[in-house]
Amino acid sequence: MNSRIHEILKNKSNVDLYFELEDFDGYTLKGFCEDIKVDSAHISDYAKMAFVGEKKWQEWVVKATDFFTSSEVKYFYLKDKELAKAWIVS
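For the structure given in this document, a descriptive report is provided here. Computed from a prediction, not measured in an experiment: that's the story for all the values here.

Here's the deal with the side chain of Glu59
Then step 1. In this structure, Glu59 sits in helix H3 (residues 56-65).
Then step 2. With residues near it in sequence (within four places) discarded, Glu59 still touches Tyr75 and Tyr77.

Shown next, in the form of structure tokens:
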């Protein structure tokens, strides 16, 4: 993902992210560490982050994420994923 972020930043000043968390039960320790490394390197490069999921705990994690970034962060349920896609490009 890090290389894709660099690619986008060549043409844009910010990166918008769309995450679909279907069948997502959590991180492995290695995956969590990799995400933290990429996110800390690019935290000021993110504009909008749309998280789409199916569980209440995912919504709470996204709300907590909002405190650590200046990005616009929103959670959508899977039934609303088209709304999330529209929001991320608006």
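Focus: helix H4 (residues 81-89)
Then step 1. Considered for burial, the residues of H4 that qualify are Ala84, Trp87 and Ile88. The arc enclosing the buried residues of H4, seen along the axis, measures out at 95°, which places them on a common side. Of the exposed residues in H4, those oriented more than 90 degrees away from the buried face are Glu82, Leu83 and Val89.
Then step 2. Packed against the buried residues of H4 are strand E1 (15-20), strand E2 (46-53) and strand E3 (72-77).

Remarks on the pattern of salt bridges
Pairing is possible between side chains of opposite charge, provided their charged atoms come close.
Then step 1. Counted by the stated rule, this structure contains 5 salt bridges.
Then step 2. For the salt bridge of Lys56 with Glu59, the shortest nitrogen-to-oxygen distance reads 3.0 Å. Of the two residues, Lys56 and Glu59 both sit in helix H3, 3 residues apart, roughly one turn of that helix.
Then step 3. Overall, Glu59 belongs to the buried group, its relative accessible area being 13%.
Then step 4. Across the salt bridge formed by Lys79 and Asp80, the nearest N and O atoms sit 3.2 Å from each other.
Then step 5. Accessibility expressed as a relative area gives 21% for Asp80, which makes it partly exposed.
Then step 6. Each member of the salt-bridge network shares a partner with another, and the members are Lys56, Glu59 and Lys63.

Conventions and cut-offs
Residues numbered from 1 in each chain as written. Predicted model: local features only at pLDDT ≥ 70, side-chain atom pairs only at ≥ 80, totals over all residues. Heavy atoms only, no water. Helix = DSSP H or I, 4+ residues; strand = E, 2+ residues; numbered from the N terminus. Contact = heavy atoms within 4.5 Å. Buried < 20%, exposed > 50% of the residue type's maximum accessible area, 1.4 Å probe, protein only. Arc of directions from axis to C-beta. Salt bridge = Lys/Arg side-chain N within 4 Å of Asp/Glu carboxyl O.

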